[in-house]
Amino acid sequence: MTAATAPEAATATTDGRPALRVGVQLQPQHADYGRIRDAVAEAEEAGVDIVFNWDHFFPLRGAADGKHFECWTMLGAWAEATSRVEIGALVTCNGYRNPELLADMARTVDHISGGRLILGIGAGWFRRDFDEYGYDFGTAGSRLAGLADALPRIRSRWERLNPPPTREIPILVGGGGEKKTLRCTAEYADIWHGFGDAETIAHKSRVLDAHCADVGRDPRSIVRSAGVQAAPDAVADDLLAAGVGLFTIGVGGPRYDLGLLKDWIAWRDERRG
């Protein structure tokens, strides 16, 4: 199992361009679980391609001690509650779980979902999560080194599990560090999720291309993903020009208003023809 043979679902192309996909990140904060579950069902019914949550222990916005739920137990529930969409975390914090355990958790959710899991992963950054749950925050360098160590261990563990994953689980790496994060992406990921405007995404995508050249990887095998919080007519063309093929809308509780997501789904469908 190698990163160079990315799953077809993650890297399908049309006329040499990335296949357009739309995701939603349903942030598990400030809501009861029943409302989150309803939002997942609404997003799947609307036609979204991927439903993500995130891997934090406390809200990132709003009341700091507001309602919040854990990432991976939720993904297991989503695997049973959905039938078509891919699911995953945007992104799992590498420092919260041993890589072998995380690999086993991902394999299990992969089986529960019938092969619809994307393993999103990053180095982590939210200090309160680390401090209150007893993890070593370390430094940015040590967290990135941990990510670089974990990715090959995860792939190795998948090859040793019985039963193995149902497919080559796509790995999504989130982050924009040009020396380390993008190097890890070039070596191990099928999807790169970047942050910032189109100009920033385009620049970092070129850096990723250079790392791919260094490791002997076809850069076209890595889908470029970006978060969007504006209407398609405001940002889509520039992001497309920057090479983005996966557009993810972040939505928080307690309402989970999916209006903007549905606008992006309609745009995707129009572009697909």
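Note that the structure is a prediction, hence the values are computed from the model and not measured.

### What to know about helix α6 (residues 140-160)
Spanning 21 residues, α6 covers 31 Å between terminal C-alpha atoms, matching the ideal 30 Å at 1.5 Å per step. Among the residues making up α6, those that are buried are Arg-143, Leu-144, Leu-147, Ala-150, Leu-151, Ile-154, Arg-155 and Trp-158. Contacts made by the buried residues of α6 are with α4 (99-113), β7 (117-122), α5 (127-133), β8 (171-174) and α7 (181-188).

### Remarks on the pattern of salt bridges
Evaluated as defined, the whole model comprises 22 salt bridges. Of the charged contacts, one joins Glu-70 and Arg-97 as a salt bridge, the two residues approaching to 2.9 Å between their closest N and O atoms. Highlighted residues: Glu-70 in the loop between β4 (50-53) and α3 (71-81) and Arg-97 in the loop between β6 (92-93) and α4, separated in sequence by 27 residues. Between Glu-132 and Arg-128 there is a salt bridge, and its shortest N-O distance comes to 2.8 Å. Of this pair, Glu-132 and Arg-128 both sit in helix α5, 4 residues apart, which is roughly one turn of that helix. On the accessibility criterion, Glu-132 (49% relative accessible area) is partly exposed.

### Some thoughts on unusual backbone geometry
Glycine aside, negative phi is the norm for most residues, and most peptide bonds take the trans geometry. Residue Val-91 is bonded to the preceding Leu-90 through a cis peptide linkage, with omega at -5°. Topologically, Val-91 is positioned in the loop between β5 (86-89) and β6. Here the bond from Asn-162 into Pro-163 is cis, since omega is 0°, no more than 30 degrees from zero. Here Pro-163 is to be found in the loop between α6 and β8. Of note, the phi angle at Tyr-256 is positive, near 55°, even though the residue is not glycine. Looking at the secondary structure, you find Tyr-256 in the loop between β11 (244-252) and α10 (259-272).

About the thresholds
Every chain is numbered independently, its residues counted from 1 as its sequence is written. Local features in a predicted model are, by the rule used here, given only for residues with pLDDT of at least 70; side-chain atom pairs are given and counted only at 80 or more, and totals for whole chains, interfaces and linings are based on all residues. Side-chain measures here rest on the full set of heavy atoms in the structure, leaving out hydrogens and waters. Only runs of H or I of at least four residues qualify as helices and only runs of E of at least two qualify as strands under DSSP, and these elements are numbered from the N terminus. How far a helix is expected to stretch is found by multiplying one less than its residue total by 1.5 Å. Residue burial is assigned from relative accessible area. The probe radius is 1.4 Å, only protein chains are included, and a residue is buried under 20% of its type maximum, exposed over 50%, and partly exposed in between. Note on contacts: a residue pair is in contact if any heavy atoms of the two residues lie within 4.5 Å. One speaks of a salt bridge when a side-chain nitrogen belonging to Lys or Arg is within 4 Å of a carboxyl oxygen belonging to Asp or Glu.

Interpretation note: all reported values are geometric properties and have no functional meaning in isolation.
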